[in-house]
Amino acid sequence: MRFAGRTVGWSAGLVAVLCAVVTTSAGIGPVWIPPGVVGKVLLNAVVVPTGISVSGPAVDVTTAHVFSYAVSDLQTQIVMQVRLPRILLGAVVGFSLAAAGTIMQGIFRNPMADPSIIGVSSGAAVGAVGFIVAPVVIPFGLGLRGAAFVGALVAAFGVYLIATRNGRTPVATLLLAGVAIQTFLGAVVSFLLLHSGESIRRALYWLMGHLKGASWPEVTSSVVLVAIPFVVLLAYARDLNVMLLGEEDAQSLGIEVERTKRVLLALSAVITAAGVAVAGIVGFVGLIVPHVMRLLVGPDHRILLPTAALAGASFLVATDTLARSGSAEVPVGIVTAVLGAPFFLYLLRKREVHEL
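Because the structure is predicted, anything quoted here is derived from the model rather than measured.

A.B. asks: How should I be thinking about the pattern of salt bridges in this particular structure?
C.D. replies: Pairing of side chains with opposite charge becomes possible as their charged atoms draw close. Tallied over the full model, the rule gives seven salt bridges. In this structure, the salt-bridge partner of Arg 145 is Glu 218, at a minimum N-O distance of 2.8 Å. Of this pair, Arg 145 sits in helix H5 (residues 143–163) while Glu 218 sits in helix H8 (residues 216–235), placing them 73 residues apart in sequence. For Arg 145, a relative accessible area of 29% gives the class partly exposed. Owing to a relative accessible area of 12%, Glu 218 belongs among the buried residues under this scheme. In this structure, the salt-bridge partner of Lys 261 is Glu 258, at a minimum N-O distance of 3.4 Å. Residue Lys 261 and its partner Glu 258 are both found in helix H11 (residues 257–279); the two are separated by three residues, about one turn of the helix. With a relative accessible area of 15%, Glu 258 lands in the buried category.

Written out as structure tokens, the structure is:
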């Protein structure tokens, strides 16, 4: 099928771009490491299983390294333990935000929609700032990222429940409910900041969006939380294409519109929450990346969804590299806003923006 060939071609090209961006980014920092050396470090980390032994309930898998290039221990530690976790976490966050933005723009049939439209970012902000200001109030030992994740999901599903009546969720009502909840939660965040005392700096830094202090466990958990819902979203890409014709037409063509909206909204909320919980509020990725990729590959979500997600990963890795390359590190959310807003305004001036 034609779309399959285009999807593979575009995806392969964007994967190559992402690999190049990751390799370049891993070499940039106070200690410069050439891309060739970074590549050797990454290849040295590749292992293959060589055997499996079972001792009672325990299963032991032995592995062996495929490559053994001569690289200094210092360079290996810098790349594998300091820079790569942050870079890969940035890729996962960018991937999730761009994918969710693509789905939101499809559901609302509006290129100005983004993942925050259903209150996910505002809910995460309340959870995170609430934990920073009054951690004893947050139950179950969730921690900062757990509180942000739960807050994001609660807000998203709250918006959905408010907008749903008699089993139907009109898009216009969902949009208005999202705006109202965002406004209310923004006021809650402001109130918490007003009473945050000495912790206000930490709270504001989180709200600006950053990837500082990333670890391998965070990368692993984020990949799981994003990858599984994303695969399901891909399965609904064709249904989303049909829904662009309008809900009544989609219903007449055999699409269970309300069920599809529930699934898409729920999964988009999960992957957005997974990204926001570990990176804070990072704006414009979910808005501008899907819009630009739609101009390049067209509105077919079977192609647009994977390509926008991969482009979002590269975009956030590149902007975070820029954020940490100066004499003083800047939160990546500031960089995405500074770069994204003028570029988006340029697109609005140069290209006419239609409804999807």
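So, next bit.
A.B. asks: Honestly, empty space enclosed by the protein in this entry has me stumped. Any pointers?
C.D. replies: Under the criterion given, the structure shown has one cavity of 30 Å³ or more. Considering only enclosed or pocket space, the largest cavity measures out at about 40 Å³ in volume. Surrounding the largest cavity, Gly 106, Ile 107, Arg 109, Val 171, Met 243 and Glu 247 form its lining.

A.B. asks: Sorry if this is basic, but what is going on with the nonpolar core here?
C.D. replies: Within soluble globular proteins, side chains that are nonpolar generally end up buried alongside one another. Of all hydrophobic cores here, the largest spans 100 residues; its most connected members are Met 104, Ile 107, Phe 108, Ile 118 and Trp 206. The leading source of residues in this core is helix H3 (residues 73–108), at 18 residues. With residues near it in sequence (within four places) discarded, Ile 107 still touches Val 171, Leu 240, Leu 264 and Leu 265. The next biggest cluster of nonpolar side chains, apart from the first, holds five residues, and it includes Val 242, Met 243, Ile 255 and Val 257.

A.B. asks: How should I be thinking about unusual backbone geometry in this particular structure?
C.D. replies: Residues other than glycine predominantly adopt negative phi, and peptide bonds predominantly adopt the trans conformation. A positive phi is found at Asn 166, a non-glycine position, where the angle reads about 55°. The topology assignment puts Asn 166 in the loop between H5 and helix H6 (171–194). The exposed category is assigned to Asn 166, whose relative accessible area is 76%. You will see that Phe 284, though not glycine, has its phi angle at about 75°, which is positive. Inspection of the secondary structure assignment puts Phe 284 in the loop between H11 and helix H12 (285–297).

A.B. asks: Help me out: how do you make sense of the packing of H5 against H11 in this one?
C.D. replies: What describes two packed helices is the angle between their axes and the distance between those same axes. Closest axis-to-axis distance for the H5/H11 pair is 8 Å, and the angle between their directions is 155°. One way to sum up the angle between H5 and H11 is to call them roughly antiparallel. Crossing angle aside, the handedness with which H5 passes H11 is right-handed. When H5 is examined against H11, the residues Arg 145, Ala 148, Phe 149, Ala 152, Leu 153, Ala 156, Phe 157 and Tyr 160 are found in contact with a partner set consisting of Arg 262, Leu 265, Ala 266, Ala 269, Val 270, Ala 273, Ala 274, Ala 277 and Val 278. Its residues assigned to classes, the contact of H5 with H11 comprises 15 nonpolar, no polar and two charged.

A.B. asks: Just to check I follow, could you spell out the packing of aromatic side chains for this structure?
C.D. replies: Under the counting rule described, the total for this entry stands at two aromatic pairs. Summarising the aromatic geometry, the rings of Phe 67 and Tyr 69 are spaced 5.9 Å apart at their centres and angled 10° between planes, so their arrangement reads as stacked. Phe 67 sits in the partly exposed class, given a relative accessible area of 31%. Ring geometry for Phe 95 and Phe 230: centres 4.7 Å apart, planes at 65°, overall edge-to-face. With Phe 95 in helix H3 and Phe 230 in helix H8, this pair connects stretches of sequence that are 135 residues apart.

A.B. asks: Which parts of the structure should I look at to understand the layout of surface pockets?
C.D. replies: Rolled over the atoms, a probe sized like a water molecule indicates the empty space that remains. As a volume, the largest pocket reaches approximately 230 Å³. Considering the residues around the largest pocket, the lining is formed by Pro 30, Ile 78, Val 82, Arg 83, Arg 86, Gly 213, Ala 214, Arg 324 and Glu 329. Residues belonging to the lining of the largest pocket are distributed by class as follows: four nonpolar, one polar and four charged. Around the second largest pocket, the lining residues are Leu 14, Val 17, Ile 288, Val 289, Val 292, Met 293, Ala 311, Ser 314, Phe 315, Leu 339, Gly 340 and Phe 343. For the lining of the second largest pocket, the elements supplying multiple residues, two or more each, are helix H1 (2–27), H12, helix H13 (301–323) and helix H14 (332–350). By residue number, the principal contributor to the lining of the second largest pocket is H12, which donates four residues. Looking at the lining of the second largest pocket residue by residue, the classes come out as ten nonpolar, two polar and no charged.

Rules used throughout
- Residues numbered from 1 in each chain as written.
- Predicted model: local features only at pLDDT ≥ 70, side-chain atom pairs only at ≥ 80, totals over all residues.
- Heavy atoms only, no water.
- Salt bridge = Lys/Arg side-chain N within 4 Å of Asp/Glu carboxyl O.
- Helix = DSSP H or I, 4+ residues; strand = E, 2+ residues; numbered from the N terminus.
- Buried < 20%, exposed > 50% of the residue type's maximum accessible area, 1.4 Å probe, protein only.
- 1 Å grid on protein atoms, 1.4 Å probe; cavity = no way out; pocket = protein on both sides within 12 Å on 5 of 7 lines; lining within 4 Å.
- Points joined across faces, edges and corners; volume = space filled by probe spheres on them.
- Core = buried A, V, L, I, M, F, W, Y, C linked by side-chain atoms within 4.5 Å.
- Contact = heavy atoms within 4.5 Å.
- Axes fitted to C-alpha atoms, helices over the stretch in contact; angles between N-to-C directions.
- Parallel < 35°, antiparallel > 145°, perpendicular 65-115°, else oblique.
- Left-handed = near helix turned anticlockwise from the far one by under 90°.
- Nonpolar A, V, L, I, M, F, W, Y, C, P; charged D, E, K, R; others polar.
- Phe/Tyr/Trp six-rings, centres within 6.5 Å; stacked < 30°, edge-to-face > 60°.

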